[in-house]
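Letter by letter, the chains look like this.
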Amino acid sequence: MLPAYWAPFVCAFEARFGFAPLWVDLDEVSAGRSRVRPRLTVVLERTAQYERFVPALLTTNHSVERAVRRMLHRTGSSLHLSGGPLRRRAKPVDFEGLFVVFCDFERLATEHAHAMVTREETRAFEESLLLGDRLWCTARLWGPPVVFVWTDADAARVRSGGETERFADLWYAVAKTHDEFGYLTREAVAVPIDSKENFDATYSSNWYYYFK
């Protein structure tokens, strides 16, 4: 639960954008050469809410950041920083230099559901693919796994055979058991098919390059 001193900012944010933040935090980050800059992190609940801010944040149009900065200045002028975590004492916030960051809880929760799938569950998933000797391995980073067969021709046959939807059904059934907050949906799960042949030729057999 957010501390009470955030209530004016949360109310102003909801009035401006139509939804309230799930969490708000104020700390400091390095700005190079021993300088620090105050950072406001606004955690939204849904990915769709976060994506409303992406176009402005990825361009030179910083109107959203300026609006939130002014909003915090207007509603939280008494907020102070103390070595990072928010305190109502110590040095005042430099509102002009405030760095505003947005993220969403839904994305983190769904990534967590995928990450919590165990090695044993992953092995059982691989067996349930029924690919036999065509399967090389599965590999994943933040979401569902990529299913690797040996050759590009094998990958093309699996894709054209319509098996990818069944693979996604199988993975969803496993990951859903770890979906503590109920955000994971079947529509959001896709299991890509690739090949060791492509992994070797295009990514020099290097997982860092592949998932970069």
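This structure is a prediction, so every number in the text was calculated from the model and none was measured. (Residues numbered from 1 in each chain as written. Predicted model: local features only at pLDDT ≥ 70, side-chain atom pairs only at ≥ 80, totals over all residues. Heavy atoms only, no water.)

1. Some points on the pattern of salt bridges
By the definition in use, this model includes 11 salt bridges. Glu 65 is the partner of Arg 69 in a salt bridge, and the nearest nitrogen-oxygen pair spans 3.5 Å. Of this pair, Arg 69 and Glu 65 both sit in helix H4 (residues 63-75), separated by 4 residues, roughly a single helical turn. When its relative accessible area of 10% is taken as the criterion, Glu 65 is described as buried. Close ionic contact of Lys 196 with Asp 200 constitutes a salt bridge, the shortest N to O distance being 2.7 Å. With Lys 196 and Asp 200 both in helix H9 (residues 196-203) and 4 residues apart, this pair spans about one turn of that helix. Since its relative accessible area comes to 22%, Lys 196 is described here as partly exposed. Its relative accessible area of 29% is what places Asp 200 among the partly exposed residues. Overlapping salt bridges bring together Glu 165, Asp 169 and Arg 186 as one network. (Salt bridge = Lys/Arg side-chain N within 4 Å of Asp/Glu carboxyl O. Helix = DSSP H or I, 4+ residues; strand = E, 2+ residues; numbered from the N terminus. Buried < 20%, exposed > 50% of the residue type's maximum accessible area, 1.4 Å probe, protein only.)

2. Some thoughts on the sheet that holds strand E7 (residues 135-139)
Strands in a sheet are paired, the pairing made by backbone hydrogen bonds, and the direction either parallel or antiparallel. Within the open sheet, the 3 strands sit side by side as E7-E8-E9. Their pairing is mixed. Either end of the sheet is taken by a strand with one partner, and the two such strands are E7 and strand E9 (193-195). Across the sheet, the mean angle from the axis of one strand to that of its neighbour is 30 degrees, orientation sign disregarded. Inspection of the sheet shows strand E8 (residues 146-149) paired to E9 by 3 bridges, in the parallel sense. By the bridge assignment for E9, Val 149 is matched with Ser 195. Most of the contacts of helix H6 (residues 119-128) go to E7, to which it runs at about 140 degrees, and overall it touches E7 and E8. (Pairing = 2+ DSSP bridges. Axes fitted to C-alpha atoms, helices over the stretch in contact; angles between N-to-C directions. Contact = heavy atoms within 4.5 Å.)

3. A look at the packing of H6 against helix H8 (residues 163-176)
As a packed pair, H6 and H8 sit with axes 10 Å apart at the nearest point and diverge in direction by 155 degrees. Between H6 and H8, the angle is such that the two are roughly antiparallel. Considering how the two elements wind past one another, H6 and H8 form a crossing that is right-handed. Listed contacts from H8 to Glu 121, Thr 122, Phe 125 and Ser 128 of H6 are Arg 166, Phe 167, Leu 170, Trp 171 and Val 174. Of the residues assigned to the contact of H6 with H8, the class counts are 5 nonpolar, 2 polar and 2 charged. (Parallel < 35°, antiparallel > 145°, perpendicular 65-115°, else oblique. Left-handed = near helix turned anticlockwise from the far one by under 90°. Nonpolar A, V, L, I, M, F, W, Y, C, P; charged D, E, K, R; others polar.)

4. Focus: H4
Between the first and last C-alpha of H4 there are 18 Å, a value that for 13 residues agrees with the 18 Å anticipated at 1.5 Å per step. Turning to H4, its buried residues are Val 64, Glu 65, Ala 67, Val 68, Arg 69, Met 71 and Leu 72. (Expected span 1.5 Å × (residues − 1).)

5. Overview of the packing of aromatic side chains
According to the stated counting rule, one finds 26 aromatic pairs in the structure shown. Taken together, a centroid distance of 5.7 Å and an interplanar angle of 40 degrees make the contact between Trp 136 and Phe 199 tilted. Of the two residues, Trp 136 sits in strand E7 while Phe 199 sits in helix H9, which places them 63 residues apart along the sequence. Looking at Trp 136, the relative accessible area reads 25%, which means it is partly exposed. Among the residues examined, Phe 199 registers a relative accessible area of 2% and is labelled buried. Aromatic pair Phe 148 and Trp 207: ring centres 5.4 Å apart, planes at 80 degrees, arrangement edge-to-face. A residue pair is termed long-range when its members are at least 10 positions apart, and Phe 148 in strand E8 and Trp 207 in helix H10 (residues 207-211) qualify at 59 residues. Phe 148 gets classed as buried once you look at its relative accessible area, which sits at 0%. Three or more aromatic residues link up through ring pairs in this structure, and these residues are Tyr 5, Trp 6, Phe 9, Phe 13, Phe 17, Phe 19, Phe 53 and Phe 102. Cation over ring: Lys 196 sits above Trp 136, and NZ or CZ is 5.4 Å from the ring centre. (Phe/Tyr/Trp six-rings, centres within 6.5 Å; stacked < 30°, edge-to-face > 60°. Lys NZ or Arg CZ within 6 Å of the ring centre and 35° of its normal.)

6. Quick look at the side chain of Asp 154
The topology assignment puts Asp 154 in helix H7 (residues 152-160). A relative accessible area of 11% means that Asp 154 is categorised as buried. Excluding its chain neighbours within four sequence positions, the residues that come into contact with Asp 154 are Arg 134 and Val 149.

These figures come from the coordinates and say nothing about function on their own.
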